[in-house]
Amino acid sequence: MINYDCVVAGGGPAGAFAARELTRAGCKVLIVDPAMGSRRLEGLSDRVARLLESRGLSAAMATASEPGHRQVDWAGLQSSANGERLVRRPAFDQALRFAAVEAGAHLIETRLGRIEKGAPDQDVIVTLSNGNSVCSRLVIDARGRQAPSSRRLKGPQTLAISGLVKGTPKRSGTRVVSSPEGWMWQAGLPGFGCWLQICVEADSLVGGGQAALQDRLKGFLTQPQLRSQVGMLDLRSSLLARPAGLVLSAPELTLPVIPVGDAAVAIDPLSGHGLFWALSSALAAVPMVLTILENPERGAPLAARFYRARVVETFWRQARIGRDFYALEQDLSGHAFWDRRSKWPDTRPARQVPDKSRLETRVVVENNRLVERDVLITPQDPGGVAFIAGLPVADLLKTSEGDLTPKPVTGTPSPALQAAYPWLRSRGLIRGGTSQSNQQSTRTRETA
Ligand SMILES: Cc1cc2nc3c(=O)[nH]c(=O)nc-3n(C[C@H](O)[C@H](O)[C@H](O)COP(=O)(O)OP(=O)(O)OC[C@H]3O[C@@H](n4cnc5c(N)ncnc54)[C@H](O)[C@@H]3O)c2cc1C
């Protein structure tokens, strides 16, 4: 039986990217994916484009369009700007899987069947649907919303119905429109066609199959506000139905399985954040795997804390950001779709801002490994800062009688320390200082 460091179940954006980065970090990796993704368009944000470019993933970027025109009809306001790229899936996923294979990962085009866990210090046996089995120390679960979970936490559940409609776009562009029954996203891409996606209450579908999806789409497009859009009922493909609500599937890490992307938190497509989360959570899995492989006893508890902080925080932050965005649509309050989403989960702010700066011990990434570090939390940096101008914050600050004060310096301050002064001053943590450098030149590193 072949032995791997890590088997990655699912070769969508999260799994393929995790496999590539782990292989480049020296791990022996197998990706298992049936490569059966359905043809569809999605929006690719600037953050994703920057991440892919910084990692040399130009072939994956080549499956995306140039930034196109974007029109938003939301909350009674109309705005248009240039910016949104469109990406063809599954061509994008395939390019990422190819990049993983090029880096040296093995790929088997089948489904993952079963994961058999032995004793905590023993490898797992992973059985594939093609009948083969392999041995692995860890498994990354990147099976998206299809990943099994016994502890799901869900917001209001949305159904997305999408497909190609009549039209031959001459340039790429998107449009978002809100309506009493939900919202609609139209995207046109030359050579691909006109893509329509509606997002409605999950329980508003009556019956099953294509006929039920077409009826639901017809009901949506014949709302008085959208009558001019009824021509979009001229379909050029079968319709695709997908769950699209926010879901927290795996709040705790249960090793040897590390969930990433939608398998950990599946995000409402309204945010346009799904692909970024898929890739960034895959990247965060790399130091988790490396730290556990090197020293399971020390690495496992660090990974569990690191994972919980990122995943649970992402779920609640996305829940509250989504709530605030739905709440903007005051003209549609009173309609069930909007009322449910603009009130869930609670009334707390999307980002908690501490009223006072403090040091807190957290698990952070350093040299692609997890370590415990003191992190500085300030009202301007609620996410936490571990390093200022390359210096650990614990080397710069101390807590004295509940207040943060700079540690005394003997002799001439080093250039790094001088570079840190303006930043500390900008946070009100230091008065005076000798540095000439300005705040922009002070490099900080947030906790990953
Ligand atoms: C309707 C809709 C519209 C969206 N629009 C956008 C958008 O415009 N912009 C954006 O950024 N995000 C968007 N998202 C979110 C985005 O699609 C997801 O966040 C992203 O695909 C998650 O990537 P992933 O790799 O975690 O999961 P997935 O992309 O779901 O990949 C999972 C992979 O696992 C494989 N798999 C499943 N079961 C098994 C198994 N048993 N064994 C092996 N492999 C398996 C599948 O074949 C698939 O390749 C949208 C989501 C929805 C539902």
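Quick note: structure is the one above.
Before going into details, it helps to say that this report is about the structure given with it. Since the structure is predicted, the reported quantities are computational estimates derived from the model, not experimental observations.

### Some points on the packing of aromatic side chains
Applying the stated rule across the entire model yields nine aromatic pairs. Taken together, a centroid distance of 6.2 Å and an interplanar angle of 70° make the contact between phenylalanine 192 and tryptophan 195 edge-to-face. Measuring from ring centre to ring centre gives 5.6 Å for tyrosine 326 and tryptophan 338, while their planes differ by 65°; the resulting arrangement is edge-to-face. You can see tyrosine 326 sitting in helix α7 (residues 296–327) and its partner tryptophan 338 sitting in helix α8 (residues 336–343), a full 12 residues away along the chain. The exposure class assigned to tyrosine 326 is buried, which follows from its relative accessible area of 3%. Classification of tryptophan 338 as buried rests on a relative accessible area of 1%. An aromatic cluster of at least three residues, connected via ring pairs, comprises Trp74, Phe325, Tyr326, Phe337 and Trp338. The residue whose ring lies beneath arginine 341 is phenylalanine 337, and the NZ or CZ to ring-centre distance is 3.8 Å.

### Some remarks on the sheet that holds strand β14 (residues 193–201)
One open sheet accounts for eight strands, arranged β3-β5-β4-β12-β13-β14-β11-β15; its pairing is mixed. With one partner strand each, in any of the chains shown, β3 (40–44) and β15 (240–243) form the two edges of the open sheet. Sheet twist, expressed as the average angle between the axes of neighbouring strands with direction ignored, equals 25°. The sheet contact formed by strand β13 (residues 182–189) and β14 spans eight bridges and is antiparallel.

### Focus on the packing of helix α2 (residues 46–54) against helix α6 (residues 274–294)
Taken N-terminus to C-terminus, the directions of α2 and α6 make an angle of 35°; their axes are 9 Å apart at the nearest point. Two packed elements cross with a definite hand, and for α2 against α6 that hand is left-handed. The segment α2 lies against α6, with Arg47, Val48, Leu51 and Leu52 engaging Leu275, Phe276, Leu279, Ser280 and Leu283.

### A word on the site of the ligand
Every one of the 28 residues lining the ligand counts as a neighbour, but Asp33, Gly43, Arg89, Leu112 and Asp262 are closest to it. A distance of 2.9 Å is found between an oxygen atom of the ligand and a side-chain nitrogen or oxygen belonging to glutamate 42. Separating an oxygen atom of the ligand from a backbone N or O atom of leucine 275 is a distance of 2.9 Å. Protein contacts shield 91% of the accessible area of the ligand, which totals 1,000 Å² for the unbound molecule. No other element matches the three residues that α6 contributes to the shell around the ligand. Across the shell around the ligand, the residue classes tally to 11 nonpolar, 10 polar and seven charged. Here the shell around the ligand spans two domains, since at least three of its residues come from each of domain 1 (3–37 + 90–153 + 246–332) and domain 2 (157–243).

Procedures and definitions
- Residues numbered from 1 in each chain as written.
- Predicted model: local features only at pLDDT ≥ 70, side-chain atom pairs only at ≥ 80, totals over all residues.
- Heavy atoms only, no water.
- Phe/Tyr/Trp six-rings, centres within 6.5 Å; stacked < 30°, edge-to-face > 60°.
- Helix = DSSP H or I, 4+ residues; strand = E, 2+ residues; numbered from the N terminus.
- Buried < 20%, exposed > 50% of the residue type's maximum accessible area, 1.4 Å probe, protein only.
- Lys NZ or Arg CZ within 6 Å of the ring centre and 35° of its normal.
- Pairing = 2+ DSSP bridges.
- Axes fitted to C-alpha atoms, helices over the stretch in contact; angles between N-to-C directions.
- Left-handed = near helix turned anticlockwise from the far one by under 90°.
- Contact = heavy atoms within 4.5 Å.
- Near = heavy atom within 4 Å.
- Polar contact = N/O pair within 3.5 Å; in protein donor to acceptor, adjacent residues only side chain to side chain.
- Areas by Shrake-Rupley, 256 points an atom, 1.4 Å probe, with all protein chains shown as cover.
- Nonpolar A, V, L, I, M, F, W, Y, C, P; charged D, E, K, R; others polar.
- Domains from an automatic or database assignment.

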